[in-house]
Amino acid sequence: YKMVLYEGEYIDIKVHVFSKGFEETSYHNHSQHMLLCNLAGDYFHKLWSINHNKPGVLYKFKHEKGGKISKAEKIDGTLEYMDCSNYKPGNWRCLHPSSIHTIKSGVSNEQVISFIIRSKLDQNKDRFIWSKQPQLQIKPEFDDYVYDTERLQILKYIVSAVQ
């Protein structure tokens, strides 16, 4: 889930809450620069790049605001693993909008809570999901926002988790 804490002219502040033991997300990037702090749980963050010089086929889906996903565009190349980090409570990360990445629940298998500051300056209009298949195999969960009573319950949970 995502919860908006602050929406300003230049930044947004959000909290993302992931379920326990969540599976690896699809390969994706974001539209804005982000600064993230892991508040609870741990997760693996993998960075990927596309090597257009290696034989292979990928499918690129434009991911628009509101969750709309375009038909696949076939591109030549192979996704290559670059780096993996295990983020634990208190760890910070800067994420560039062009960074292709996946995340997956860590070894603790606890619920992950991330505090996120997103820049509204220099937005990337090219927000994509990549797949090795012509159809997406994983439902994107990027746009599940929490409002009203659920919001209060999650805020209470976050406060108890980080104390």
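Here the structure is shown first, and the text comes after it.
Residues numbered from 1 in each chain as written. Predicted model: local features only at pLDDT ≥ 70, side-chain atom pairs only at ≥ 80, totals over all residues. Heavy atoms only, no water.

Comments concerning the packing of aromatic side chains
Threshold: Any two rings among Phe, Tyr and Trp, with Trp reduced to its six-membered ring, count as a pair given centres within 6.5 Å; such a pair is stacked if its planes are under 30 degrees apart, edge-to-face if over 60, and tilted if neither. Each helix is a run of DSSP H or I of at least 4 residues and each strand a run of E of at least 2, with the numbering of both proceeding from the N terminus. Exposure is judged per residue with a 1.4 Å probe applied to protein chains only, and the accessible area is read against the type maximum: over 50% gives exposed, under 20% gives buried, and values in between give partly exposed. When the NZ atom of lysine or the CZ atom of arginine is within 6 Å of a ring's centre and also within 35 degrees of its normal, the charge is said to sit over that ring.
Under the counting rule described, the total for this entry stands at five aromatic pairs. Residues Y43 and Y87 carry aromatic rings whose centres are separated by 5.7 Å and whose planes lie at 25° to one another, so their mutual orientation is stacked. Of this pair, Y43 sits in strand β5 (residues 43–51) while Y87 sits in strand β8 (residues 78–87), placing them 44 residues apart in sequence. Exposure remark for Y87: the relative accessible area of 10% places this residue in the buried category. The rings of Y27, W48 and Y81 are connected pair by pair, giving a single aromatic cluster. Over the face of the ring belonging to F128 we find K60, whose NZ or CZ atom lies 4.4 Å from the ring centre.

Some words on the nonpolar core
Condition: Buried residues of nine kinds, namely Ala, Val, Leu, Ile, Met, Phe, Trp, Tyr and Cys, make up a nonpolar core once their side-chain atoms join them within 4.5 Å. In what follows, a contact means two residues having at least one pair of non-hydrogen atoms within 4.5 Å.
Listed in full, the eight residues of the largest apolar core are Y27, W48, L58, I75, L79, I100, F128 and W130. For I75, the contacting residues outside a window of four places in its chain are I50, G56, V57, L58, K60 and W130. Counting six residues, the second largest nonpolar core, distinct from the first, contains M3, V17, I113 and I158.

What about the side chain of S85?
Worth spelling out the cut-off: The definition of a polar contact used here is a pair of N or O atoms within 3.5 Å, where within protein one atom must be able to donate a hydrogen and the other to accept one, and adjacent residues in sequence count solely through side-chain atom pairs.
Structurally, S85 can be placed in strand β8. Owing to a relative accessible area of 18%, S85 belongs among the buried residues under this scheme. A distance of 3.4 Å separates polar atoms of two side chains, one belonging to S85 and the other to D83. Ignoring anything within four residues of it in the chain, the contact list for S85 reads Y43, F44, H45 and R93.

Focus: the sheet that holds strand β4 (residues 34–40)
Basically, it comes down to this: Two strands qualify as a pair provided DSSP detects at least 2 bridges between them. Helix axes are fitted only over the stretch in contact, all axes being lines through C-alpha atoms; the angle between N-to-C directions runs from 0 to 180 degrees.
Across the sheet, which stays open at both edges, the five strands sit in the order β1-β2-β11-β4-β9 with antiparallel pairing between neighbours. Of all strands in the sheet, those with a lone pairing partner are β1 (2–7) and β9 (92–95), marking the two edges. Within this sheet the neighbouring strands show an average axis-to-axis angle of 20°, counted without direction. Sheet topology note: the β4/β9 ladder contains four bridges and is antiparallel. Across the sheet, residue M34 finds its bridge partner in β9, namely L95.

With respect to the pattern of salt bridges
Rules: One speaks of a salt bridge when a side-chain nitrogen belonging to Lys or Arg is within 4 Å of a carboxyl oxygen belonging to Asp or Glu.
Under the criterion given, the structure shown has four salt bridges. For K120, the salt bridge goes to D12, with nearest N and O atoms at 3.2 Å. Placement of K120 in the loop between β11 (112–119) and β12 (128–131) and of D12 in strand β2 (residues 11–18) is noted, with a sequence separation of 108 residues between them. Residue K46 is joined to E24 by a salt bridge in which the shortest nitrogen-to-oxygen separation is 3.8 Å. One end of the pair, K46, is in strand β5; the other, E24, is in the loop between β2 and β3 (27–28), with 22 residues separating them in the sequence. Exposure remark for K46: the relative accessible area of 24% places this residue in the partly exposed category. Using a relative accessible area of 26% as the deciding quantity, one classes E24 as partly exposed. What emerges from the salt-bridge pattern is a single network uniting D12, R118 and K120.

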